[in-house]
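Residue-level listing of the chains:
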Amino acid sequence: MFSRVLAFWQQAPYSPLNGSPAAADGGPTSSPSPKSWPGVTALLASRRIRLLVPTVLIICIFLFFGHRYDALSSLPAGWRKEDSPTSDTGAPTKQPPIWDPSTGAPANDGTVDWSRFAYTQYVTDSHYLCNSVMLFERLHHLGSRADRVMMYPAQMFNPNAAAAVPAAANGRTSDDARLLMKARDEYGVKLVPIQVQRREGADETWAESFTKLLAFNQTQYTRVLSLDSDSVILQSMDELFLLPPCPVAMPRAYWLYPDNKILSSQLILAQPSADEFARVLARVEEAGGNDYDMEIVNYLYGDSALVLPHRPYDLVSGEFREAPDKHGRYLGNADERWDAVAAFNEAKFVHFSDWPVPKPWLDIEKTRWSKQPDCFERDGVASCVEREIWNTLYDEFKERRKRVCTHVPGEHLRRRRQRG
Ligand SMILES: *[C@@H]1O[C@H](CO)[C@@H](O)[C@H](O)[C@H]1NC(C)=O
């Protein structure tokens, strides 16, 4: 009995999305503590009390479990293993309540103003432009409800000039500009011109990683979700915008944990504000030679960020290359058994990280076949499921890159592939 109560209590961290804060507190804190029942023995001497106490207890337990059951059944889609289309009674499943971070109160889906939220991408050069448009294509395809914002180098594209001259008729419209217009017109991307952040004597990686932090400056939004573009989105992540307010939420770099307790900046959920951006800029000013965006956000938020679960929000593709008994960091416990299909199904955001296999838009064919996941024996049966999933990730990326980025008459992608 106690362990069941404990189990429900431990559900509490997941419950802010489910209803009012009072409801989340209602269970365990309202349990009568022994101290508040003086003279229990004397009271029990009365027959009426002897009948009343168990009755009240039974009603309390009924209400408590009834309520918690309700909370569990309203976990947002994707947080439960399998969403049953109907509830036990056969009635349609109740829609999960939506949490409104600006008011801190539950709201109906219809009252959430999704234009206050945005997925953000940053682009520093033509290389990453295509990756970024590819991610937005996925969000468009998945029907995500928040805005899509691309921060791009201002010199890449002048929307006013391009609007005045049709792209096809204008020989000077660059391939980059054409791709930006495609993102805007086909995938509903809002284009925000920026200055790429550079530092005297620093390399390109530095510029790229600091430009990412301009997400904190997108104060036209209440909340932004910054995603690294060397990744693939498998499911919408709209639910993250509805988490309780917090300056920053990030997953942990689980592949380093517990030796290193570091947040992964591949996915940053942030609340842009002038103050927060000033803090970030000040920290960037102090940055040492080996400090990149990941170091900066860890200095600033390492001890205060809301930690997002890494399984759905930061799976790395290299996980599928590990031996079956080497998934302890991913699983986070010693009891669970690795299940590649379950891991893939749970993942919403997968980061391509397979050293020494190059990033998927480069020439991977040479290394790919020697480094692909092994087949393993499971319960006496050979299985290549990791290999299939891993190769599907790379094949799908390649196919999508071709489809999304080579629509233009321009030859830039073909040239780049030859160079790569
Ligand atoms: C931050 O945003 C403001 C307002 O949009 C803009 O004027 C400023 O240039 C931005 N700062 C940087 C470093 O991009």
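The rules behind these values
Residues numbered from 1 in each chain as written. Predicted model: local features only at pLDDT ≥ 70, side-chain atom pairs only at ≥ 80, totals over all residues. Heavy atoms only, no water. Disulfide = S-S within 2.5 Å. Buried < 20%, exposed > 50% of the residue type's maximum accessible area, 1.4 Å probe, protein only. Near = heavy atom within 4 Å. Polar contact = N/O pair within 3.5 Å; in protein donor to acceptor, adjacent residues only side chain to side chain. Areas by Shrake-Rupley, 256 points an atom, 1.4 Å probe, with all protein chains shown as cover. Pairing = 2+ DSSP bridges. Helix = DSSP H or I, 4+ residues; strand = E, 2+ residues; numbered from the N terminus. Axes fitted to C-alpha atoms, helices over the stretch in contact; angles between N-to-C directions. Contact = heavy atoms within 4.5 Å. Expected span 1.5 Å × (residues − 1). Parallel < 35°, antiparallel > 145°, perpendicular 65-115°, else oblique. Left-handed = near helix turned anticlockwise from the far one by under 90°. Nonpolar A, V, L, I, M, F, W, Y, C, P; charged D, E, K, R; others polar. Phe/Tyr/Trp six-rings, centres within 6.5 Å; stacked < 30°, edge-to-face > 60°. Core = buried A, V, L, I, M, F, W, Y, C linked by side-chain atoms within 4.5 Å. Domains from an automatic or database assignment. Right-handed = clockwise from strand over helix to strand, strands pointing away.

Colleague: So, the state of the cysteines: which residues are in play, and what are the values?
Modeller: Inspection of the entire model under this criterion finds two disulfides. Between the sulfur of Cys-375 and that of Cys-384 lies a disulfide, 2.0 Å long from S to S. Disulfide Cys-375-Cys-384: the torsion about the S-S bond is 105°, which places it as right-handed. Look at Cys-375 and you get partly exposed, because its relative accessible area is 33%. When the cysteines of the protein that form disulfides are numbered from the N-terminus onward, they connect as 1-4, 2-3.

Colleague: Any details on the site of the ligand? Residues and values, ideally.
Modeller: Taken together, Leu-214, Asn-217 and Phe-277 make up the full set of residues near the ligand. Asn-217 has a polar side-chain atom sitting 2.3 Å from an oxygen atom of the ligand. Its free accessible area being 360 Å², the ligand has 37% of it covered by the protein chains.

Colleague: Just give me the short version of the sheet that holds strand S4 (residues 147-153), but keep the residues and values in it.
Modeller: One open sheet holds the seven strands; their spatial order is S5-S4-S3-S6-S9-S8-S10, and the pairing between them is mixed. The open sheet has two free edges, formed respectively by strand S5 (189-194) and strand S10 (306-308), since each of these has just one partner strand. Between one strand and the next, the sheet's axes are offset by a mean angle of 25°, whatever the strand orientation. Pairing analysis gives six bridges linking S4 to S5, with the strands arranged parallel. Pairing of Met-150 across the sheet is with Leu-191, part of S5. On top of the sheet, helix H7 (residues 175-186) reaches S4 and S5; it is set at about 140° to S5, its chief contact.

Colleague: Describe helix H15 (residues 385-405), with residues and values.
Modeller: The end-to-end C-alpha distance of H15 is 30 Å, a good match for the 30 Å that 21 residues give at a rise of 1.5 Å each. Within H15, burial applies to Glu-386, Ile-389, Trp-390, Asn-391, Leu-393, Tyr-394, Phe-397, Arg-400, Arg-401, Val-404 and Cys-405.

Colleague: Could you give an account of unusual backbone geometry, with specific residues and numbers?
Modeller: Cis rather than trans, the peptide bond between Tyr-257 and Pro-258 has omega equal to 5°. Cis geometry is adopted by the peptide bond preceding Pro-356, which originates at Trp-355 and carries an omega value of 5°. Mapped onto the secondary structure, Pro-356 falls in the loop between strand S12 (349-351) and helix H14 (365-371). In this model, Asp-379 sits at a positive phi of 50°, which is unusual for a non-glycine residue.

Colleague: Please provide a residue-by-residue account of the packing of helix H5 (residues 126-142) against H7, values included.
Modeller: Running from N to C, H5 and H7 cross one another at 15°; their axes reach a closest spacing of 10 Å. Our classification of the angle between H5 and H7 gives roughly parallel. Note on packing geometry: the crossing formed by H5 with H7 is left-handed. Taking contact as the criterion, the partners of Ser-126, Leu-129, Cys-130, Val-133 and His-140 in H5 are, on H7, Asp-176, Leu-179, Leu-180, Ala-183 and Glu-186. Of the residues in the contact of H5 with H7, the class split is six nonpolar, two polar and two charged.

Colleague: Provide a residue-level description of the packing of aromatic side chains, including the pertinent values.
Modeller: Applying the stated criterion across every chain yields a total of 14 aromatic pairs. Look at Tyr-152 and Phe-157: their rings are 6.2 Å apart centre to centre, the planes differ by 50°, and that puts the pair in the tilted class. No difference in accessibility class separates Tyr-152 from Phe-157, as the two residues are buried. Centre to centre, the rings of Trp-361 and Phe-397 are 6.3 Å apart; their planes meet at 35°, and the pair counts as tilted.

Colleague: With reference to specific residues and values, describe the sheet that holds strand S11 (residues 315-316).
Modeller: Strands sit in the order S7-S12-S11 across an open sheet of three strands; the sheet is mixed. In the strand order of this sheet, the two ends are held by strand S7 (231-233) and S11, each with one partner. Sheet topology places S7 next to S12; three bridges connect them, and they run antiparallel. In the strand pairing of S12, Val-232 is matched with Val-350.

Colleague: Tell me about the nonpolar core, and please be specific about residues and values.
Modeller: Grouped together as the largest cluster of nonpolar side chains are 63 residues, with contacts concentrated most on Tyr-119, Met-150, Leu-225, Leu-227, Met-237, Leu-240 and Leu-267. In this structure, this core is formed jointly by two domains, domain 1 (117-309) and domain 2 (315-419), each of which donates at least three residues. Judged by nonpolar contacts, the second largest core, of 27 residues, contains Val-192, Ile-268, Val-280 and Val-284.

Colleague: Please give an account of the environment of Asn-298 that cites residues and values.
Modeller: Note on placement: Asn-298 falls in helix H10 (residues 293-301). Overall, Asn-298 belongs to the buried group, its relative accessible area being 17%. For the pair formed by Asn-298 and Ser-265, sequence separation is 33 residues and the distance between their alpha carbons is 8.6 Å. The contacts of Asn-298, once residues within four sequence positions are left out, are Ile-262 and Leu-263.

Colleague: Tell me about the pairing of strand S3 (residues 117-122), residues and numbers included.
Modeller: Consecutive residues of a regular strand have side chains that alternate between opposite faces of the sheet. Of all six residues in S3, six are buried; the element is thus mostly enclosed. Two elements, S3 and strand S6 (residues 223-227), share four bridges in a ladder whose sense is parallel. Looking across to S6, one finds that Tyr-119 is bridged to Leu-225. One crossover worth recording links S3 to the parallel S4 by way of H5, and it is right-handed.

By themselves, these figures tell us nothing about what the structure is for.
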